[in-house]
Amino acid sequence: MSLPRVIRPEDAAAVLERHHTLFDEEPRSRARAFMGSFAFLAFTVFAVWWLDISFSQILLGLSSLAKFVALMFPPSTGGHLDLLMKAMGETLAIAFLGTLIATVFAFPISFLAASNTTPHGAVRFFVRRCLDTIRSVDALIWALVFVGVVGLGPFAGILAIAVSDTGALGKLFSEAIETADERGRESVLAGGGTGLLSVRFGLLPQVLPIIAGQVLYYIESNVRSATIIGIVGAGGIGLQLSEQIRTYDFDQVAFAVIMILVTVAIIDWISGKLRFAIIGRRAMA
Amino acid sequence: MPSSIPVVSQARIEALVVDYHRVVLRRRRQSFVVLAILAALVLLAAQFGEVDLRNLVDNISNFTSYFGRIMPKLSVAHFSADVADWYWNITGWLKLLLDTILIAYLAALIGATGAFMVAPLAAANLAPSVALRFGIKRIFEFCRTVPDLVFALMFVASFGLGPFAGILAIAIHTFGTLGKLFTEALENIDMKPVEGVRSTGSRFVETVRFGALPQVMSTFASYTLLRFEINVRSGSVVGMVGAGGIGQDLFVAIRKFYYTDVSAILLMIIVCVAVIDLVTERIRNHLSGQEIRR
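The structure contained in this document is the topic of the report that follows.

Definitions and limits used
Residues numbered from 1 in each chain as written. Chains lettered and ligands numbered in written order. Predicted model: local features only at pLDDT ≥ 70, side-chain atom pairs only at ≥ 80, totals over all residues. Helix = DSSP H or I, 4+ residues; strand = E, 2+ residues; numbered from the N terminus. Rg over C-alpha atoms; globule rule 2.2 N^0.38 Å. Buried ≥ 20, exposed ≤ 12 C-beta atoms within 10 Å, placed from the backbone. Contact = placed C-beta atoms within 7 Å. Axes fitted to C-alpha atoms, helices over the stretch in contact; angles between N-to-C directions. Parallel < 35°, antiparallel > 145°, perpendicular 65-115°, else oblique. Left-handed = near helix turned anticlockwise from the far one by under 90°. Nonpolar A, V, L, I, M, F, W, Y, C, P; charged D, E, K, R; others polar.

1. So, the overall build of chain A
Alright, step 1. Scanning chain A for helices and strands turns up 12 helices and 0 strands.
Alright, step 2. Overall, chain A shows an N-to-C arrangement of helices and strands of α-α-α-α-α-α-α-α-α-α-α-α.
Alright, step 3. Here the C-alpha radius of gyration of chain A, 28 Å, is well above what a compact globule of 285 residues would show, namely 19 Å.
Alright, step 4. Each principal axis of the C-alpha atoms in chain A carries an extent, and together these give about 80 × 75 × 45 Å.
Alright, step 5. For chain A, the residues scored as buried account for 37% of the 285 residues in total.
Alright, step 6. Partitioning the contacts of chain A with sequence separation of at least 6, the portion at a separation of at least 24 is 72%.

If you want it as structure tokens, here you go:
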């Protein structure tokens, strides 16, 4: 093994000379990079101009924002701790039940949307487009629609989350089914099992832990979405929060935000533990 | 001819069967406990969520008939006139849709730039200071946990109605989520180039620039595009609280029962989101292809 040598400056120059193609950037790729960043910049300038953003507005806004933030301290319940706790409970209920209902609907649908279990390609295409359409409408819009159907309150929020997440979970589940190992199903079929049995004993054991992990993750993320659904009257802490912002009770806003942060942290922690337990079991099996 | 398969004694088989039954029983018992807990939680949540199935059954016809009512009245005889009638405000809505896309774009740009600059300070393998790292991680958490609509409400109150409040609100949310994703990407890099650059006596910025960034740039770009996609969806709802974009018109149409307007605007949003999904998915596939080649 040779000893590491010290590279003298003249050696370095010689290496640079010999292999200059490696060190010089191609003029064409440099021009392309320049054009790319120019287009980027131009589009940004256009966006700022089109949306009519002015610096005086920003400066004025910043000063009033600073005032609001100063008003947030110290956070206070405003004497409505019981109301806030109830609203937080509603929020958790919306997230939990909404995700659970979405799971119940998405689970059978996802088998129709997965290429290896679908009865026909056309069915798969149709189901996928339906799921995409449901998914591209935000949960808040569904909430507005359901407030019109079942009236104000958390039930509308549950239904909104249930519908919008049926789209998202259906897609995720079908992807989990598609990536599952086919050998399990084949061996059940080879043993004389029917198609349904092959799905039950060859496919489900593989996908259930993945699906359970995804459902837990969605409950977690829905606690966040359920906090805002109240803004349109569909229950949960969002209603209180938007009222307090509109009436400039910023100390109460701060308290509600802290409540949300703490609750989300606790839910994250629990679902992290549960997910680890489920995935750990799969690793052992 | 004796079989090469070893014969299992009857006693052994019986022992195995007993064991098998015991294992199955234990698993059944476990599933039963999990189901019982789940059922209890459902009942509790239904209590809190004021679930009223009779109300749903009574009014579900409202829901289905709603879709009937928002359908445009199109006839073959004067089809183009009907479509023109349905999309009577097409130029106004297209402008608002462009607003929405630009809000999403600027928010993604601001959020990604911020996250890009801060993430190396939060990555466990690069961070120069533990205290700073802890602080930045909490800031990321705060930014992504507080819903963007709450930020939007706050900013509408301070900056006034208009797209700037929406941009800022979505940008903060983007900063929080991308900050987390960027940090995780940085924590998973190969440390050999970083050590190589460090051994030449580089400072923090140079280490990150030449040791870490070349490994993660395409991942960063891919995450940012994904976020842009999500931002278009959020951009279509921040208008509901007056923070710009097409959400304002949609909100008014739903609240004031302008049925055909609802379907017209929703269709525009769905098509727009689908097109952006397709385009960014192609770019993202291209980017991940680049990653593999490296």
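2. Looking at the packing of helix α4 (residues 90-122) of chain B against helix α9 (residues 204-235) of chain B
All names here are of chain B.
Alright, step 1. It is the contact of α4 with α9, at a shortest axis distance of 9 Å, that shows an interaxial angle of 150°. The angle between the axes of α4 and α9 places the two elements in the roughly antiparallel class. Pair α4 / α9 crosses with right-handed handedness. Where α4 approaches α9, its residues Thr 100, Ile 101, Ile 103, Ala 104, Tyr 105, Ala 107, Ala 108, Ala 112, Phe 116 and Pro 120 are matched on the opposing element by Val 208, Ala 212, Phe 220, Thr 224, Arg 227, Phe 228, Asn 231, Val 232 and Gly 235.
Alright, step 2. When grouped by side-chain class, the residues that make up the contact of α4 with α9 number 14 nonpolar, 4 polar and 1 charged.

3. What to know about the interface of chain B and chain A
Alright, step 1. With 46 residues of chain B at the contact, the number on the chain A side is 45 residues.
Alright, step 2. Breaking the side of chain B that touches chain A down by element, the ones donating at least two residues are α1 (10-48), α2 (53-70), α4, α5 (130-145), α6 (148-159), α7 (163-187), α10 (247-255) and α11 (259-293) of chain B.
Alright, step 3. If one sorts the elements of the side of chain B that touches chain A by residue count, α6 of chain B sits on top with 7 residues.

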